[in-house]
Amino acid sequence: MALTQLNNSTCSKTQLHSSSQHSFLSRTRTLPRHYHSTFAPLHRTQHATISCSVAPNQVQVPAAQTQDPKGKPDCYGVFCLTYDLKAEEETKSWKKLINIAVSGAAGMISNHLLFKLASGEVFGPDQPIALKLLGSERSIQALEGVAMELEDSLFPLLREVVISIDPYEVFQDAEWALLIGAKPRGPGVERAALLDINGQIFAEQGKALNAVASRNAKVIVVGNPCNTNALICLKNAPNIPAKNFHALTRLDENRAKCQLALKAGVFYDKVSNMTIWGNHSTTQVPDFLNARIDGLPVKEVIKDNKWLEEEFTEKVQKRGGVLIQKWGRSSAASTSVSIVDAIRSLITPTPEGDWFSSGVYTNGNPYGIAEDIVFSMPCRSKGDGDYELVKDVIFDDYLRQKLAKTEAELLAEKKCVAHLTGEGIAVCDLPGDTMLPGEM
Ligand SMILES: NC(=O)C1=CN([C@@H]2O[C@H](COP(=O)(O)OP(=O)(O)OC[C@H]3O[C@@H](n4cnc5c(N)ncnc54)[C@H](OP(=O)(O)O)[C@@H]3O)[C@@H](O)[C@H]2O)C=CC1
Ligand SMILES: O=C([O-])CC(=O)C(=O)O
């Protein structure tokens, strides 16, 4: 990119301070403008915001930053500059900028994901983006580090970066919200307690999305337990269609495809129609009855029912836990790849005859699954961000019985969070043998 300096600045701020280590860095610390939750899972006596924006065809000098009369901070570091791109002709064909909000932005998954988003590999080479990153007082320093790395990556399509600990600020006009931040389950933490702690985060974020996000925002919940967190989030965001909320089960789909390909001795692009049914937990059901290998039903290629019902199923259900044992932390790179896959599946037409899995709200589903939960099911998209459920799937007794188990688990989780979904008093009696993929 060709930089030419201008004398005036359009990067407006409230109470800007230069960082000693980072001259472009600007920061505000004020009382939060919005605080709606009664649960207060994070300490928010203040919020910190660091943000930046880039407008084409201008350059400005960082030292010339001025105060914003409205007090709305809107840029971080180099993203406060405006500049000419060498490829000015190309930028004329760029689409309108979209706002992408990411929570848990200083975490492991985000550390992979943000760079994929900014590179253009997710939304395309003609789609400029703004990244709005949500952290906490715990992570604000790390988040500055993330923003600095984004600066140093020189991504032309990355037009704005905002970092903040205020969800109302981060979700403002968000067209996509990728909700990754959640407390990991540590030793001695009851699953019911985790549902409550993380549920409070998602109730608060649902309220914030409801208040300020785009009315057609697409929300992908990654933080565990992601199905029930997604349910809590959508219940707290009645202004956004419930259909727009997803719980990430794409990683499970990818894991299942990999295992089938390995067993059949084919490359994994030969595996299609892979449904993960139900919860992102060890009760999830990787559906080998409807999946295909090279266009054929899996059972015609892998004639080993015992392997399919036992080894394959358990391997997919517990893959996350095995990885944690090896790595000492949960899947981050492959999770970020699967988030990219999940987004791309919604913004590109699904190949003829195929489908993808996503945890979505059960509202008039054709499979007889209980309504009013978030359940992973087979979806197809026209590429407009929306999806429809696939009708032509078959069931046998084995599949029905497995579906009933994961459904029962989600119904029990739902009862545990009734106080967060506006449905009364929580009663938590979870089946003892069900776990997150990372728990074994
Ligand atoms: N659905 C799926 O397929 C998968 C889901 N996951 C889940 O994704 C989530 C994020 O994973 P990953 O990025 O590896 O995790 P990290 O621990 O690296 O990051 C998680 C982030 O969550 C935030 N967080 C929010 N609330 C709390 C809290 N109370 N205590 C501690 N941290 C908190 C922290 O950021 P901050 O301080 O800024 O809030 C932290 O940076 C986890 O819930 C994990 O279980 C992981 C793999 C697959
Ligand atoms: O439990 C975790 O954090 C890890 C997880 O979801 C997975 O690997 O599928």
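Located above this text is the structure these notes cover.
What counts, and at which threshold
- Residues numbered from 1 in each chain as written.
- Chains lettered and ligands numbered in written order.
- Predicted model: local features only at pLDDT ≥ 70, side-chain atom pairs only at ≥ 80, totals over all residues.
- Heavy atoms only, no water.
- Salt bridge = Lys/Arg side-chain N within 4 Å of Asp/Glu carboxyl O.
- Helix = DSSP H or I, 4+ residues; strand = E, 2+ residues; numbered from the N terminus.
- Disulfide = S-S within 2.5 Å.
- Buried < 20%, exposed > 50% of the residue type's maximum accessible area, 1.4 Å probe, protein only.
- Axes fitted to C-alpha atoms, helices over the stretch in contact; angles between N-to-C directions.
- Parallel < 35°, antiparallel > 145°, perpendicular 65-115°, else oblique.
- Left-handed = near helix turned anticlockwise from the far one by under 90°.
- Contact = heavy atoms within 4.5 Å.
- Pairing = 2+ DSSP bridges.
- Right-handed = clockwise from strand over helix to strand, strands pointing away.
- Phe/Tyr/Trp six-rings, centres within 6.5 Å; stacked < 30°, edge-to-face > 60°.
- Lys NZ or Arg CZ within 6 Å of the ring centre and 35° of its normal.
- Core = buried A, V, L, I, M, F, W, Y, C linked by side-chain atoms within 4.5 Å.

Colleague: So, the pattern of salt bridges: which residues are in play, and what are the values?
Modeller: For side chains of opposite charge, pairing can occur when their charged atoms come near one another. Applying the stated criterion across every chain yields a total of 13 salt bridges. In this structure, R255 engages D252 in a salt bridge whose closest nitrogen and oxygen atoms are separated by 3.7 Å. Linking R255 with D252, this pair stays in helix α7 (residues 250-264), spanning three residues, or about one helical turn. As a salt-bridge pair, E314 and K318 come within 3.6 Å of each other at their nearest N and O atoms. Here E314 and its partner K318 are both found in helix α9 (residues 305-327), four residues apart, which amounts to about one turn of the helix.

Colleague: Run through the state of the cysteines, naming residues and quoting values.
Modeller: Evaluation of the coordinates by the stated rule reveals one disulfide. At a sulfur-sulfur separation of 2.0 Å, the disulfide partner of C416 is C428. Because the torsion about its S-S bond is 85°, the bridge between C416 and C428 counts as right-handed. Of the two residues, C416 is situated in helix α11 (residues 397-416) and C428 in the segment after α12 (418-421); the sequence distance between them amounts to 12 residues. Judged by its relative accessible area of 38%, C428 falls in the partly exposed class. Here C379 stays free of any disulfide, with the sulfur of C226 as its closest cysteine sulfur at 14 Å. We classify C379 as buried; its relative accessible area is 0%.

Colleague: So, the packing of α7 against α9: which residues are in play, and what are the values?
Modeller: One way to put it is that α7 packs onto α9 with a least axis distance of 9 Å and a crossing angle of 140°. Classified by the interaxial angle, the pair formed by α7 and α9 is oblique. When the axes of α7 and α9 are compared, the crossing they make is right-handed. Together, D252, R255, A256, Q259, L260 and K263 of α7 and W307, L308, F312, K315, V316, R319 and G320 of α9 make up the contact between the two elements.

Colleague: Describe in detail the environment of A264, supporting the description with residues and values.
Modeller: In this structure, A264 sits in helix α7. For A264 and L97, which are 167 residues apart along the polypeptide, the C-alpha to C-alpha distance reads 44 Å. Leaving out residues up to four positions away in the same chain, A264 has contacts with I293, V301 and I302.

Colleague: Got a sec to walk through the pairing of strand β5 (residues 98-103)? Specific residues and values, please.
Modeller: Counting buried positions along β5 yields six of six residues, so the element is predominantly enclosed. Of the two faces of β5, the one holding I98, I100 and V102 and the one holding N99, A101 and S103 are both buried throughout. Of the pairings in the sheet, the one linking β5 to strand β6 (residues 129-134) comprises six bridges and is parallel in character. Bridge pairing in β6 places S103 opposite L134. With respect to chirality, the unit in which β5 leads through helix α2 (residues 108-119) into the neighbouring parallel β6 is right-handed. Looking at chain direction, β5 and strand β8 (residues 176-179) are connected through four bridges and run parallel. Paired with I100 across the bridge in β8 is W176.

Colleague: Just give me the short version of the packing of aromatic side chains, but keep the residues and values in it.
Modeller: This model, assessed by the stated rule, comprises nine aromatic pairs. Ring centres of F288 and Y398 lie 5.5 Å apart, and the angle between their planes is 40°; this geometry places the pair in the tilted category. Residue F288 is found in the loop between β13 (285-287) and β14 (292-293), and its partner Y398 is found in helix α11; the two are separated by 110 residues along the sequence. Assessed through its relative accessible area of 3%, F288 is described here as buried. Ring pairs connect the aromatic residues F288, W307, F312 and Y398, which therefore count as one cluster. The ring centre of Y387 lies 4.8 Å from the NZ or CZ of K243, which sits over that ring. Against the face of F395 rests R400, its NZ or CZ located 3.9 Å from the ring centre.

Colleague: Tell me what's going on with the nonpolar core, and back it up with residues and numbers.
Modeller: As a rule of thumb, soluble globular proteins bury nonpolar side chains together. I100, L114, L117, L131, L133, L150 and W277 are the most contacted members of the largest nonpolar core, which has 58 residues in total. Per-element tally for this core: the top contributor is α2, with six residues. Ignoring any residue separated from it by four or fewer positions in sequence, one finds L131 in contact with I100, L114, L117, A118, L150, L158, E160, V161 and V162.

Colleague: Explain unusual backbone geometry to me, using residue names and the numbers behind them.
Modeller: The amide bond that connects N224 to the next residue, P225, takes the cis arrangement and shows omega of -5°. Relative to the elements of secondary structure, P225 occurs in the loop between β9 (218-221) and α6 (226-235). The phi dihedral of L154 falls on the positive side, at around 55°, and the residue is not glycine. On the secondary structure map, L154 appears in the loop between α3 (140-152) and β7 (158-164). The backbone of D372 sits at a positive phi, close to 70°, despite the residue not being glycine.

Colleague: So what's going on with the sheet that holds strand β15 (residues 296-297)? Which residues, and what values?
Modeller: The sheet built from three strands is open, its strands ordered β11-β14-β15 with antiparallel pairing. Lying at the two open borders of the sheet, with one neighbouring strand each, are β11 (271-272) and β15. One ladder, built from two bridges, connects β14 with β15; its direction is antiparallel. Residue pairing across strands places I293 opposite L296, the latter belonging to β15.

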